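Notes for the structure review
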Amino acid sequence: MKQKPPKVMRSANGRSGGETHQTTTSDKQALTTNQGVPIADNQNSLKGGVRGPTLLEDFVLREKITHFDHERIPERIVHARGSGAHGYFQPLKNLSRLTRASFLQDPSKRTKVFVRFSTVAGGAGSVDTPRDVRGFAVKFYTDEGNFDLVGNNIPVFFIQDAMKFPDLVHSVKMEPDRGFPQSASAHDTFWDFVSLMPESMHMLMWAMSDRGIPRSLRHIEGFGVHTFRLVNAKGVSTFVKFHWRPGLGMASTLWDEAVKIAGADPDYHRRDLWQAIDSGDFPEWTLNIQAFDQVTADELDFDILDPTKIIPEETIPLTPIGRMVLTANPVNFFAETEQIAFHPGHIVPGIDFTPDPLLQGRLFSYLDTQLSRLGGPNFHEIPINRPVCPMRNFQRDGHMRMNLQPGRVNFEPSSLDPGSPRENPVRGFSSFPDPEGGPKLRQRPATFADHYSQARQFWRSMTPPEQGHIVNAFTFELSKVETPAIRKRMLGHLDLVEPALGKRVAAAMGMTGQAERLMPAVTPRDDLPPSPALSIVAKTLETLKGRTVAALVTDGSDAALLQKVRLAVRKEGGQLEVVAPRIGAPKDGIVPDRQLDGAPSCLFDALVVLPSRDGARELLGAAAAVDWLRDGFAHLKAIGFSGDAGPLLAKAGIEADPALGVVALDGSRGLDAFLAAARKYKIWDRERLVRPQP
Ligand code: HDE
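These numbers were taken from a predicted model, which means no experiment stands behind them.

**Let's talk about the overall build of the chain**
Check the secondary structure of the chain and you find 19 helices and 16 strands. Relative to the globule expectation of 26 Å for 694 residues, the C-alpha radius of gyration of the chain, 29 Å, shows essentially globular dimensions. Each of the three principal axes of the chain carries a C-alpha extent, and together these read 90 × 90 × 60 Å. A burial count over the chain gives 50% of its 694 residues as buried. Here the analysis covers contacts within the chain between residues at least 6 apart in sequence; of these, 73% occur between residues at least 24 apart. In the chain, 82 side chains carry a positive charge and 81 a negative one; their mean positions are 3 Å apart.

Pasting the structure below:
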């Protein structure tokens, strides 16, 4: 049957009718193809007849779809999910005594940086708050080339030799047959591998500690992990370990909080970093070094080339050498955060490697990975990877070459063009003549063999709540392991790390007495003193800076009290967000920022509850409101409340107790008491009430 042609309204430019798109006649704003041809219609493909087939000649459609089909590049095999920011680095003093690196000479000179923070195990679309290591990679665009400090938020690593990296990563990623779990180490393959790799034990202690679930990217430390060298103009080398220290201090979430945040806001860390920078609250870190010579290295009771060891700060203190401030969000996530290509081999004169066998393997891997991710050898020409100093050599052509390289001379030596690039033995990079060498063999040095002493030292350096969290983390992860033999093997390792730790985890899983008996290669030392610098709780800053207080309000809430709290929080560098049952109903001068159902209390650092009497009654019937308080209490957050909130607190089973951070805001000292509790971040004394320890 012949169909009736549909009625089509056409506007002057040929669009279907009823559209509100704006068009332009100005050349400046014209939408074009990639060849610069202005496009008249970006809504409809070219058809043979209004209901007829699309024509192959529609070059506008084909170009657009083809480009779209190729929008994704391979994600990073590890560290796929990340967030980036621009900023600058400024040295605190002239470091010429230690290094000739040009960006470390003049305290008045700023060097541009781009930082990318990341999780390790999950894919690019995974959540921000799994238990995981965080990558902390900084590209310094120095005037003598790019220097990449590609570190993590944990100062040691799981393995000692690059040979094991693919095995480690295979084991922690999704299991290959089933494709899960995504972004989680709590599964058999990971624990099977690490339980057979005693060298992992120290790193496991860190990963199972609160370092694995940071509050935000602004609250993490960063480490270069390997021992590097600084080399001065006279060629004298000093060993260094690099440490980044956050201006806001460190802070972590609780596991239950991290899990709930993952559901409530999978982009929690990315959003936090973006919003802080967007609002002008620029995050900053100091760069510190532990600098030492060969004599000191020889005196240490471990090998400085072993990346599973730290040098406690109490043994070699940190020296602050510079400050990094992140001042701008990326303009385009793909072009910058996704295409940035880090490589530990991007090094500048004045800095050098050591033969740490993990670092040596990395020096191969990162260049290789960029070839497959970015499609060829010219990735250094992508704007985010381009050095800011002159870059001249005779490398030519290749996939996606962008620079126009003039002239006949594409070789060296040459006499045809006296102006062509030449070596510079004075300014040029020259490797430190490391005397290390010997017979060709595949062997681990005996000095790498002690796998438990520093793991034990880490445990002993934790405060009681942090020890409890480590017990809980091992218990959670191992309880997800289906193969009992793996659980028993891990319990054997934990007994070696510290018998009390092994016992507590075994008891929590109901596996007391089932640990496998393991023989360590080297008996763990019992005399290493605790290093208080390793504890997060002991170092938490009492501040509201960088923190968010949420105020739960209803119709009829006391706007004056809300304003008082807001001003007090702002004065201390924090911010206040108003959560209300309905976002679109500003009342009495109170404008909600979030609707209760989408803003559980896990997203905030401290809480105030300011309902009116009627509002509190209404909220009694809302699980979201009661959970808001229950979770806030269980997540150890300071809670301030107004008089009318009483029934709501009672329903959540929470009693006023200033000593436990539940504070009435009424009265002259109420607000001060709340702020004092909120500055603490977590009220640790409350933990025994909500998380009894095995
Ligand atoms: Fe990496 N690592 N890694 N890694 N790594 C990568 O490079 C690798 C290691 C780190 O934000 C990859 O561009 C090997 C230690 C960060 O873009 C890859 C070994 C530390 C990032 C790679 C290690 C790191 C990466 C994947 C053992 C802390 C993200 C994509 C020999 C000091 C950088 C890419 C960014 C990324 C290899 C071990 C930190 C495959 C072979 C130790 C922060 O090249």
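Moving on from the coordinates now.
**Here's the deal with empty space enclosed by the protein**
Using the criterion set out here, one finds 7 cavities of 30 Å³ or more in the structure. When its volume is computed, the largest cavity comes out at roughly 110 Å³. Surrounding the largest cavity, Val553, Thr554, Asp555, Ala580, Pro581, Arg582, Ala585, Lys587, Ile590 and Pro592 form its lining. For the lining of the largest cavity, the residue count by class is 6 nonpolar, 1 polar and 3 charged. Considering only enclosed or pocket space, the second largest cavity measures out at about 80 Å³ in volume.

**Digging into helix α10 (residues 453–460)**
Where burial is concerned, most of α10 is hidden: 7 out of the 8 residues are buried. Buried residues of α10: Ser453, Gln454, Ala455, Arg456, Gln457, Phe458 and Trp459, and no others.

**Examining the coordination of the iron atom of the ligand**
There is one protein donor for the iron atom of the ligand, namely Tyr366 (OH), at 1.8 Å. Here tyrosine 366 shows up in helix α9 (residues 357–374).

**Considerations on the sheet that holds strand β14 (residues 606–610)**
Strand-to-strand pairing in sheets goes through backbone hydrogen bonds, with the strands running parallel or antiparallel. Pairing is parallel in the open sheet, where 6 strands are placed in the order β13-β12-β11-β14-β15-β16. Of all the strands in the sheet, the pair left with one neighbour each is β13 (594–595) and β16 (662–664). With 2 bridges connecting them, strand β12 (residues 575–580) and β13 associate as parallel partners. Residue alanine 580 lies in a different strand from β13, and its bridge partner there is glutamine 595. Helix α14 (residues 559–571) rests against β11 (548–553), β12 and β14 of the sheet, and its axis sits at about 150° to β12. Along the sheet, helix α16 (residues 623–634) makes contact with β11, β12, β14, β15 (639–641) and β16, crossing β14 at roughly 145°.

**Regarding the environment of glutamate 144**
Tracing the backbone shows glutamate 144 in the loop between β3 (134–142) and β4 (145–152). The exposure class of glutamate 144 is partly exposed, given its relative accessible area of 21%. Measuring from C-alpha to C-alpha, the distance between glutamate 144 and methionine 391 comes to 9.6 Å, with 247 residues separating the pair along the chain. With residues up to four places along the chain from it excluded, the contact list for glutamate 144 reads Arg100, Ser102, Val348, Pro349, Cys389 and Arg427. Within the local environment of glutamate 144, its side chain forms a polar contact with the side chain of arginine 427, the two groups lying 3.2 Å apart.

**Some thoughts on the domain arrangement of the chain**
One frequent convention defines the size of an interface as the accessible area lost when the parts assemble. If you check the domain split of the chain, you get domain 1 (75–364), domain 2 (450–538) and domain 3 (542–690). Each of domain 2 and domain 3 has a C-alpha centre, and the two are 37 Å apart.

**Brief notes about the site of the ligand**
For the ligand, the set of nearby residues contains 22 residues, the closest of which are Arg76, Arg116, Ser365, Tyr366 and Gln370. Contacts to the ligand include arginine 362, whose side-chain N or O atom sits 3.5 Å from a nitrogen atom. Here a nitrogen atom of the ligand sits 2.6 Å away from a polar atom, N or O, in the side chain of tyrosine 366. Broken down by element, the residue count for the shell around the ligand peaks at 6 residues, all from α9. Split by residue class, the shell around the ligand holds 11 nonpolar, 8 polar and 3 charged.

**Description of the nonpolar core**
In a soluble, globular protein the nonpolar side chains are often hidden away together inside. Counting residues in each nonpolar core, the largest one holds 49 residues, and the members touching the most others are Phe158, Trp191, Leu204, Met205, Phe474, Leu501 and Val505. Those residues within four positions of methionine 205 in sequence are excluded, and the remaining contacts are Ala455, Phe458, Trp459, Ile470, Phe474, Val497 and Leu501. Grouped together as the second largest cluster of nonpolar side chains are 35 residues, Val138, Phe140, Ile220 and Ile351 included.

**A word on the confidence of the model for the chain**
On average, residues of the chain score 95 in pLDDT, and 97% of them are at 70 or above. Low pLDDT, under 50, characterises residues 8–14; the predicted model gives this stretch 10 contacts beyond four residues in sequence or across chains.

**Here's the deal with the packing of aromatic side chains**
The geometry of two aromatic rings is summed up by the distance between their centres and the angle between their planes. Scanning the model with the defined rule gives 21 aromatic pairs in all. Both rings, one in phenylalanine 89 and one in phenylalanine 140, keep their centres 5.3 Å apart while their planes meet at 80°; by these two values the pair is edge-to-face. Taken together, the residues span a long stretch of sequence, with phenylalanine 89 in strand β1 (residues 82–91) and phenylalanine 140 in strand β3 at a distance of 51 residues. Both residues of the pair, phenylalanine 89 and phenylalanine 140, count as buried. Three or more aromatic residues joined by ring pairs make a cluster, and in this case those are Phe89, Phe103, Phe117, Phe136, Phe140, Phe147, Phe228, Phe242, Trp244 and Trp285.

**Things to note about the pairing of β12**
Most of β12 is tucked away, with 5 of its 6 residues classed as buried. Judged from the 5 bridges that link them, β11 and β12 form a sheet pairing that is parallel. When the bridges of β12 are listed, leucine 552 appears paired with valine 579.

**Thoughts on the side chain of glutamate 577**
Assignment of secondary structure puts glutamate 577 in strand β12. At 2.7 Å, the side chain of glutamate 577 and the side chain of arginine 594 are in polar contact. Contact partners of glutamate 577, with chain neighbours within four places excluded, come to Thr548, Val549, Ala550, Ala551, Asp593, Arg594 and Phe604.

**Comments concerning the pattern of salt bridges**
Taken as a whole and judged by the stated rule, the model has 42 salt bridges. The closest approach of N and O atoms between glutamate 577 and arginine 594, which form a salt bridge, is 2.7 Å. Remark: arginine 594 occurs in strand β13 and glutamate 577 occurs in strand β12; sequence separation between them is 17 residues. Among the charged side chains, a salt-bridge network with shared partners connects Arg215, Arg218, Asp272, Asp281, Lys545 and Asp605.

**Side note on the environment of glutamate 336**
Looking at the element boundaries, glutamate 336 is found in helix α8 (residues 333–338). With 175 residues separating them along the chain, glutamate 336 and methionine 511 place their C-alpha atoms 49 Å apart. Here glutamate 336 is in contact with His86, Phe114, Pro330, Val331 and Ile384, once residues within four sequence places are set aside.

**So, helix α5 (residues 255–264)**
Glu257, Ala258, Ile261 and Ala262 are the residues of α5 that are buried. All buried residues of α5 lie within an arc of 140° about the axis, which places them on one face of the element. Close packing links the buried residues of α5 with α6 (268–278).

**Concerning the pairing of β14**
Along any regular strand the residues' side chains alternate between the sheet's two faces. In terms of burial, β14 is a largely internal element, 5 of the 5 residues being buried. Where burial is concerned, the two faces of β14 agree: the one with Ala606, Val608 and Leu610 and the one with Leu607 and Val609 are both buried. One ladder, built from 3 bridges, connects β14 with β15; its direction is parallel. What sits directly across from valine 609, in β15, is phenylalanine 641.

Conventions we followed
- Residues numbered from 1 in each chain as written.
- Predicted model: local features only at pLDDT ≥ 70, side-chain atom pairs only at ≥ 80, totals over all residues.
- Heavy atoms only, no water.
- Helix = DSSP H or I, 4+ residues; strand = E, 2+ residues; numbered from the N terminus.
- Rg over C-alpha atoms; globule rule 2.2 N^0.38 Å.
- Buried < 20%, exposed > 50% of the residue type's maximum accessible area, 1.4 Å probe, protein only.
- Contact = heavy atoms within 4.5 Å.
- Lys, Arg positive; Asp, Glu negative; His and termini not counted.
- Charge placed at Lys NZ, Arg CZ, Asp CG, Glu CD.
- 1 Å grid on protein atoms, 1.4 Å probe; cavity = no way out; pocket = protein on both sides within 12 Å on 5 of 7 lines; lining within 4 Å.
- Points joined across faces, edges and corners; volume = space filled by probe spheres on them.
- Nonpolar A, V, L, I, M, F, W, Y, C, P; charged D, E, K, R; others polar.
- Donors = N, O, S within 2.8 Å, 3.2 Å for Na, K, Ca; no water.
- Pairing = 2+ DSSP bridges.
- Axes fitted to C-alpha atoms, helices over the stretch in contact; angles between N-to-C directions.
- Polar contact = N/O pair within 3.5 Å; in protein donor to acceptor, adjacent residues only side chain to side chain.
- Domains from an automatic or database assignment.
- Near = heavy atom within 4 Å.
- Core = buried A, V, L, I, M, F, W, Y, C linked by side-chain atoms within 4.5 Å.
- pLDDT = per-residue confidence, 0-100.
- Phe/Tyr/Trp six-rings, centres within 6.5 Å; stacked < 30°, edge-to-face > 60°.
- Salt bridge = Lys/Arg side-chain N within 4 Å of Asp/Glu carboxyl O.
- Arc of directions from axis to C-beta.

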